[in-house]
Amino acid sequence: MPQNHENLRKALSERVLIADGAMGTMLQAANPSLDDFQGHEGCNEVLNVTRPEVVQSVHSAYLEAGVDLIETNTFGANWANLAEYGIAERIYEYNFVAAKLAKEVATDFSNSYERFVIGSMGPGTKLPSLGHVEFSFLRDHYEIQARGLIEGGADAILVETSQDLLQT
């Protein structure tokens, strides 16, 4: 099932949609190894590539519980967070793969009604308002993240927990 913004808009106009819950907690419960993180302990976004079955099992668990929307495992797949691990060049890859994984699971569960994928974009750790990074640099890297999510199949984007308007 291709991404379908119109179906999501229609569903939102007709009923309350329920989203999934914590991704990181569920991933940590799977007890990934340091090898699973490719040496970047705590960077859950690496698991999109190294342990896709674990990420998809989290999506499946939420969908089995009855949610309508699943968020991609990309809260920290932005320039600021990935740069701290020295892997900022993987922004697009992690976002694309995460959206693709989520879309596959959502499609499998879209039997009696359609399920949707929300591309999660977390705030990162650098604030343009405080001079941590130039706005244009951050904007360009969030564009890479959004492109990965959209091209991977996300039906919509969720900008999460941002507190800096320039960052948002």
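Please refer to the structure placed before this passage.
What you see is a predicted model; the values in this text were computed from it and never measured.

(A) View of the overall build of the protein. Looking only at helices and strands, the protein has seven helices and three strands in total. Secondary structure elements of the protein occur, N-terminal to C-terminal, as α-α-α-α-β-α-α-β-α-β. Against the 2.2 N^0.38 benchmark of 15 Å for 168 residues, the protein shows a C-alpha radius of gyration of 16 Å, consistent with a compact globule. With the C-alpha coordinates of the protein rotated into their principal frame, the extents come out at 50 × 35 × 25 Å.

(B) How the structure looks around the pairing of strand E3 (residues 156–159). Relative to E3, strand E2 (residues 116–121) is paired through four bridges, and the arrangement is parallel. Opposite glycine 119, over in E3, you have isoleucine 157 as the bridge partner. The parallel pair E2 and E3, bridged by helix H7 (residues 135–152), forms a crossover whose chirality is right-handed.

(C) Examining the nonpolar core more closely. Of all hydrophobic cores here, the largest spans 33 residues; its most connected members are Leu27, Ile70, Trp79, Leu82, Ile87, Tyr94 and Val117. Elements with a minimum of two residues in this core: helix H4 (52–64), helix H5 (79–84), helix H6 (91–108), E2 and H7. Core analysis: the next-biggest nonpolar cluster, separate from the first, contains six residues, Leu8, Ala11, Leu17 and Ile118 among them.

(D) The arrangement of the packing of aromatic side chains in detail. Within the structure shown, the criterion is met by two aromatic pairs. Ring geometry for tryptophan 79 and phenylalanine 137: centres 4.8 Å apart, planes at 85°, overall edge-to-face. You can see tryptophan 79 sitting in helix H5 and its partner phenylalanine 137 sitting in helix H7, a full 58 residues away along the chain.

Criteria and cut-off values
- Residues numbered from 1 in each chain as written.
- Predicted model: local features only at pLDDT ≥ 70, side-chain atom pairs only at ≥ 80, totals over all residues.
- Heavy atoms only, no water.
- Helix = DSSP H or I, 4+ residues; strand = E, 2+ residues; numbered from the N terminus.
- Rg over C-alpha atoms; globule rule 2.2 N^0.38 Å.
- Pairing = 2+ DSSP bridges.
- Right-handed = clockwise from strand over helix to strand, strands pointing away.
- Core = buried A, V, L, I, M, F, W, Y, C linked by side-chain atoms within 4.5 Å.
- Buried < 20%, exposed > 50% of the residue type's maximum accessible area, 1.4 Å probe, protein only.
- Phe/Tyr/Trp six-rings, centres within 6.5 Å; stacked < 30°, edge-to-face > 60°.

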